[in-house]
Every structure is written in C-alpha cells, then in structure tokens.
Amino acid sequence: MAKIISLFNHKGGVSKTTTVFHLGWKLASQGRKVLMIDADPQCNLTGLTLGLEDYDSLLNFYNDEENTDIFSSLAPIFELDATETADKKNPNSITPTANENLFILAGNIRFSELDIQIATALTSSSTIPILRKFVGSFNNFVRKIADHNNIDIVLVDMSPSVSSTNHCIFMSSDYFIIPVSPDFYCYQAIDSLSNVLPKWAIDIERFKGTGEDDLPENNPKMLGFITQNYRIYTVNKSDEDETDSPKKMSKVYQDWLDKINDILNSKLVPELQEKDMIVDEELFKSSVTHGDPYHLAGIQNFSGLIPVSQETSKPIYELTETDGNWSGARWKHEKNGKEYGIKVNIEDANKVYSSLAEAITKMI
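Definitions and cut-offs
- Residues numbered from 1 in each chain as written.
- Predicted model: local features only at pLDDT ≥ 70, side-chain atom pairs only at ≥ 80, totals over all residues.
- Heavy atoms only, no water.
- Helix = DSSP H or I, 4+ residues; strand = E, 2+ residues; numbered from the N terminus.
- Buried < 20%, exposed > 50% of the residue type's maximum accessible area, 1.4 Å probe, protein only.
- Contact = heavy atoms within 4.5 Å.
- Areas by Shrake-Rupley, 256 points an atom, 1.4 Å probe, with all protein chains shown as cover.
- Axes fitted to C-alpha atoms, helices over the stretch in contact; angles between N-to-C directions.
- Parallel < 35°, antiparallel > 145°, perpendicular 65-115°, else oblique.
- Nonpolar A, V, L, I, M, F, W, Y, C, P; charged D, E, K, R; others polar.
- Phe/Tyr/Trp six-rings, centres within 6.5 Å; stacked < 30°, edge-to-face > 60°.
- Lys NZ or Arg CZ within 6 Å of the ring centre and 35° of its normal.
- Pairing = 2+ DSSP bridges.
- Patch = residues over 30% accessible without salt bridge, like charges linked within 9 Å, V, L, I, M, F, W, Y side chains within 5 Å.
- Salt bridge = Lys/Arg side-chain N within 4 Å of Asp/Glu carboxyl O.
- Core = buried A, V, L, I, M, F, W, Y, C linked by side-chain atoms within 4.5 Å.
- Lys, Arg positive; Asp, Glu negative; His and termini not counted.
- Charge placed at Lys NZ, Arg CZ, Asp CG, Glu CD.
- pLDDT = per-residue confidence, 0-100.

**Considering the overall build of the protein**
Of the regular secondary structure elements, the protein holds 14 helices and 12 strands. Taken over 364 residues, the protein has a buried fraction of 50%. Of the contacts made within the protein by residues no fewer than 6 positions apart, 75% connect residues no fewer than 24 positions apart. Per element, the accessible surface of the protein, about 16,700 Å² overall, is 46% carbon and sulfur.

Spelled out as structure tokens, the structure:
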C-alpha cells in the first residue's frame, strides 16, 4: 500500500514545489514508483514537471489529457461535473514524466472551488450525513488511484494556507514534512503550526474510522523539517586535514535556524507527540545521521541552477554542462587542490537529495 507524504507550510515561498519535484525524482531514481500530486491551485508543480510555460499550454494539457488533473478527478463527487465518476474517460489515469518511475496528477486552478463544500461538510455533516463523503474524498481517491497504478510513495504539494481542503489533505496523509527558510517568518509559521496541527487532529476525529467515506484512523506523523534558501561559505581547514572542507550556513541564517530548531523542539514537537503525530526520535536518529532531530536536510540556495531546471524540466542534480551552456571555469575550476564551479554545486545537490530520499525511505 502506498505511503502518502504531504509537504506543508502555510507560509509561502519555502520551496515546497521544488522539493516535491526533486525528492520525487530522486525516490523514483532509487527504484520507487512515485506519484506527485499538485494540490496547489497555482499549478507550479505541474508546469515545472511537464514543461508547461503558460496558462494556454495548461489549458491545452487539460483538453489533450482529459480527466487527468486533480479537479476533474474529484469534481463528480462534489457534483461540479455532470459526468459520473464511473463514466469518466480516464478515472485512474496519471501522467508519466521524463523519469520512468515518476508520475504526476496535475493541478488545476479550479481546485480551490472545492473548499466551500468541504468547509460546509466539516461543520454540517452531523446534520446532513451525505456531506461526510466530501471530507474523505481526497483520501479515498488518492489511495484508489495509487493502488490501481502500483504506486509506492505519493508526494503531495500542498498550497500555503490553512484552508478546509488542506485540512482534509493533511489528515489523509500518512506522513508530512515541513519545508522552512531560516528567517523570522518561518519562525512565526512554526509557532503557528504548533496550534494549527493539533487542532486539525482534534477537529477531524469524528471523521475517522472504517467507513467507506472516512479518513485514516491514525494521525499523520511528521518526518521532520527541511531548511532551504540559504547561502553557505566554505571553511578553510589545515593542510594536515585530508577531509573535504565543510560548508556552513552564513551566520544570519544559522542564527534563525537555531531559533527555529528551538521553538520546534520546545513547542511543536511536544504538541505533535501528544497527538501521536511525529515519528519516534530514535527512528529519526537511526535514519538521519547528521544534524539534530528533527532536521531532515539543509538545502542551500541553488538559485543559479533553478531557471535551467525549470526550462529543462529536470532536477538540478541531473543537469549537464550543455543544459545551461556552461563552459570553462564557470563549469569547473580548481583552486588549492579543490574543485569549484557549477559542476560541484550539481554534485552537492545530488548528495543532499540522495541522503534525504534514503532517510525518508528508512523512516516510512
């Protein structure tokens, strides 16, 4: 049975989409069959993965690949589509990507239209029982489509909001990851999530059980958080030390990471532990051999590579010298016996995502 992992932070701009794409590709390259779901109405994951450059190309995709996006898949359940689910042309279809083990359920800007009905269902299903099915619709559909396509891991790119739709997506997951940037706003977001996530678990309790329309009995568990969008510098080491020169965060970023680590472990972790919403610390330590719990990975700012990644629909660690028209010292040069340049950054990214994918696989 597939494991569903959602990436969520209600603070935007923390590279959720980039992480889902890169992590999904790496897990697929390591032999897992992976489905990415674009549950953000902005549809950035769909555009990145399928190379759709504008709204017209997205509309053309909907026309050419009928009923293969998240909205058209769920619309019949919400009676927003005259077509019955059983009569749909492609009821369990997912779209292949350039990686043979990686697939996507495309996003749709209309996905946000479901939120009003889900919000109503969360508050009124006790008086109007038929609304109950809306709460479990995402869970039931995703698990059915994953089973049909023999998917091992589902990664969900959630929108940055505390909407009713996100509430149900989150509580349909088996695990979740919180991407953060080391800054004041993400510090605030972790503080807020310490209240939001336990409340979500409490409010959804009556929708859990063994019924056809219900959510999973167990709460989703946090695997950890990923720090992104920071700059690094290389530490000079003595000639006697033959190990690679370590790379560290700039001090301003490290200071904020320390603060985020502190509030996460002092406030968010205890709240999640009380609701059984976090993996065991010993399991984390045995799977992630660097850093402190629950810091899954630190991913530096590869901003110079992102535009090329988007243009080619390839993760940055798969980019080649010709993809970016890089040459000479910009691609690779040596100084004091060490290699520098874009090639080194690509290799660093590959190491980070490889370790991250392996750690996640161990924990789930």
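**Here's the deal with the packing of helix α5 (residues 115-124) against helix α8 (residues 164-172)**
The N-to-C vectors of α5 and α8 enclose an angle of 70°; their axes lie 7 Å apart at closest approach. As the angle between them shows, α5 and α8 are arranged roughly perpendicular. Contact residues: α5 offers D115, I118, A119 and L122, while α8 offers S164, T165, H167 and C168. Taken together, the residues of the contact of α5 with α8 sort by class into 4 nonpolar, 3 polar and 1 charged.

**Details of the environment of A349**
By secondary structure assignment, the location of A349 is in helix α14 (residues 342-363). Distance in space between the C-alpha atoms of A349 and I316 is 7.1 Å, their sequence separation being 33 residues. Other than its neighbours up to four places away in sequence, A349 contacts F302, I316 and Y317.

**Side note on the packing of aromatic side chains**
Scanning all chains against the criterion turns up 13 aromatic pairs. Centre to centre, the rings of F8 and W200 are 5.5 Å apart; their planes meet at 35°, and the pair counts as tilted. One end of the pair, F8, is in the loop between β1 (3-7) and α1 (16-29); the other, W200, is in helix α9 (residues 184-203), with 192 residues separating them in the sequence. Assessed through its relative accessible area of 1%, F8 is described here as buried. The exposure class of W200 is buried, given its relative accessible area of 7%. Grouping aromatic residues by their ring pairs yields a cluster made of F8, F170, F176 and W200. The ring centre of Y317 lies 4.3 Å from the NZ or CZ of K26, which sits over that ring.

**Digging into the pairing of strand β6 (residues 175-180)**
A large share of β6 lies buried, amounting to 6 of its 6 residues. Taking every second residue as pointing to the same face, both faces of β6 are buried, with Y175, I177 and P179 on one and F176, I178 and V180 on the other. Sheet analysis places β1 next to β6, joined by 3 bridges and oriented parallel. Paired with L7 across the two strands is I177, which belongs to β6.

**Details of a nonpolar patch on the surface**
Together, Y55, L59 and I109 make up an exposed nonpolar region whose accessible area comes to about 280 Å². Among the secondary structure elements, I109 is positioned in the loop between β4 (102-105) and α5.

**A word on α5**
The periodicity of an α-helix, 3.6 residues per turn, causes residues three or four positions apart to be oriented the same way. Among the residues of α5, I118, A121, L122 and S124 are the ones counted as buried. Elements that come into contact with the buried residues of α5 comprise α6 (132-135) and α8.

**Observations regarding the nonpolar core**
Proteins that are soluble and globular tend to have nonpolar side chains buried together. Counting residues in each nonpolar core, the largest one holds 104 residues, and the members touching the most others are V154 and L197. Once residues within four sequence positions are removed from consideration, L197 is found in contact with F8, F170, F176, L272 and M277. With 6 residues, the next largest nonpolar core counts C43, F61, Y62 and A106 among its residues.

**What to know about the packing of α8 against α9**
Their axes nearest at 10 Å, the elements α8 and α9 cross at an angle of 80°. Taken together, α8 and α9 sit at an angle that is classed as roughly perpendicular. In this structure, α8 uses N166, H167, F170 and M171 to contact α9, whose residues at the interface are L197, W200, A201 and D203.

**Concerning a negative patch on the surface**
Negative charge collects at one region of the surface, where E53, D54, D56 and E311 lie side by side. Residue position: E311 is located in helix α12 (residues 306-312).

**Description of the side chain of S163**
Tracing the backbone shows S163 in the loop between β5 (153-158) and α8. Excluding anything up to four places from it in sequence, S163 contacts D115 and W200.

**A few points about the confidence of the model for the protein**
Per-residue pLDDT for the protein averages 89, and the proportion of residues at 70 or more is 90%. Segment residues 237-245 is flagged for pLDDT under 50; beyond a separation of four residues in sequence, or across chains, it makes 9 contacts in the model.

**Quick word on the pattern of salt bridges**
If you walk through the whole model with that rule in mind, you get 12 salt bridges. Between K267 and D191 there is a salt bridge, with its nearest N and O atoms 2.5 Å apart. Taken together, the residues span a long stretch of sequence, with K267 in helix α10 (residues 251-274) and D191 in helix α9 at a distance of 76 residues. Here K251 and D255 are joined by a salt bridge, their closest N and O atoms 2.9 Å apart. Linking K251 with D255, this pair stays in helix α10, spanning 4 residues, or about one helical turn.

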